[in-house]
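Here are the chains, one letter per residue:
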Amino acid sequence: MSPIDITMPANKKYLTTSPWLRLSKILAGSVGGYAVTISLHLFFTTFLPKENVIITAYFTGYILWACLLLYAFIAQNVWRVWGLYIVLTVVFALPYLLKFNLNHGS
């Protein structure tokens, strides 16, 4: 009786061969995803009360960050991921940085 090989090797065409591209995907997913998550919640503070956004960010922040981390590894081109994360971070942070406040309640 031969032992059953239960490990499934990854398909070689989907693996990143360069260690720099692998590091870039890890950094884009973790650091870029975190920047997008934080800037999105800063964007929400311009329209909603800060207390509600902070409480909601405890839950939605982890979910959004995990999805953005996964997207960095699923995407074919890591430079497009970096570009997308930078553009989203700037767009979401712009109202906060310009002190644009539409929340008249607080």
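Along each chain, the written sequence defines residue order, and numbers are assigned to residues from 1. Where local features are concerned, this predicted model is filtered to residues with pLDDT of at least 70; where side-chain atom pairs are given and counted, the filter is 80 or more; whole-chain, interface and lining totals use all residues. Hydrogens and water molecules were not included; the side-chain quantities draw on all heavy atoms of the structure.

**Some remarks on the packing of aromatic side chains**
Then, in step 1: Only Phe, Tyr and Trp rings are paired, with Trp represented by its six-membered ring, and only when their centres lie within 6.5 Å; those with planes under 30 degrees apart are stacked, over 60 edge-to-face, the remainder tilted. Under the criterion given, the structure shown has three aromatic pairs.
Then, in step 2: Aromatic side chains F43 and F44 sit 6.3 Å apart centroid to centroid with 50° between the ring planes, which places their arrangement in the tilted category.
Then, in step 3: Looking at F43, the relative accessible area reads 22%, which means it is partly exposed.
Then, in step 4: Accessibility here uses a 1.4 Å probe with only protein chains present; expressed as a share of the type maximum, an area under 20% marks a residue as buried, one over 50% as exposed, and anything in between as partly exposed. Of the residues examined, F44 reaches a relative accessible area of 32% and is grouped as partly exposed.
Then, in step 5: Measuring from ring centre to ring centre gives 5.7 Å for F43 and F92, while their planes differ by 40°; the resulting arrangement is tilted. Of this pair, F43 sits in helix 1 (residues 19-45) while F92 is found in helix 3 (residues 78-97), placing the two residues 49 residues apart along the sequence.
Then, in step 6: For F92, a relative accessible area of 18% translates into the label buried.
Then, in step 7: Among the aromatic residues, ring-to-ring pairing joins F43, F44, F47 and F92 into one connected group. Only DSSP runs of H or I reaching four residues or more are called helices, and only runs of E reaching two or more are called strands; each is numbered from the N terminus.

**Let's talk about helix 1**
Given 3.6 residues per helical turn, the α-helix brings residues three or four places apart onto the same face.
Then, in step 1: One fewer than the residue count of a helix, multiplied by 1.5 Å, yields its expected span. Between its first and last C-alpha atoms helix 1 spans 38 Å; for 27 residues at 1.5 Å apiece the expected length is 39 Å, and the two agree.
Then, in step 2: At A28, helix 1 shows its largest kink, close to 30°.
Then, in step 3: Among the residues of helix 1, those classed as buried are S24, K25, A28, G29, G32, G33, V36, T37, S39, L40, H41 and T45.
Then, in step 4: The criterion used for residue contact is that any of the two residues' heavy atoms lie within 4.5 Å. Taken together, the buried residues of helix 1 touch helix 2 (50-74) and helix 3.
Then, in step 5: Where helix 1 starts, the residue carrying a side-chain oxygen 3.2 Å from the main-chain nitrogen of W20 turns out to be S18. Here the bend at a residue means the angle between the axes of two seven-residue stretches, the one that ends at it and the one that starts at it. Two N or O atoms form a polar contact when they lie within 3.5 Å of each other; inside protein one atom must be a possible hydrogen donor and the other a possible acceptor, and for residues adjacent in sequence the pair counts only when both atoms belong to side chains.

**Observations regarding the environment of G33**
Then, in step 1: Relative to the helices and strands, G33 resides in helix 1.
Then, in step 2: Put simply, G33 and I86 are 53 residues apart on the chain and 9.6 Å apart in space, counted from C-alpha to C-alpha.

**Considering the layout of surface pockets**
Then, in step 1: By volume, the largest pocket is sized at about 270 Å³.
Then, in step 2: Every definition here rests on a 1 Å grid over the protein atoms only: cavities are sets of points where a 1.4 Å probe fits but cannot get out, pockets are open sets enclosed by protein on both sides within 12 Å along at least five of seven lines, and lining residues have some atom within 4 Å of a point. Lining the largest pocket are Y34, T37, I38, H41, L42, T45, I54, A57, Y58, G61, Y62 and W65.
Then, in step 3: At the level of elements, helix 1 and helix 2 are the ones that each hand at least two residues to the lining of the largest pocket.
Then, in step 4: Here the term charged refers only to Asp, Glu, Lys and Arg, the term nonpolar to Ala, Val, Leu, Ile, Met, Phe, Trp, Tyr, Cys and Pro, and the term polar to all other amino acids, Gly among them. Tallied by class, the residues present in the lining of the largest pocket amount to eight nonpolar, four polar and no charged. Grid points are joined across faces, edges and corners, and a volume is the space filled by probe spheres set on the points.

**Details of the environment of N77**
Then, in step 1: You can see N77 is positioned in the loop between helix 2 and helix 3.
Then, in step 2: Under the relative-accessibility criterion, N77 is labelled partly exposed at 31%.

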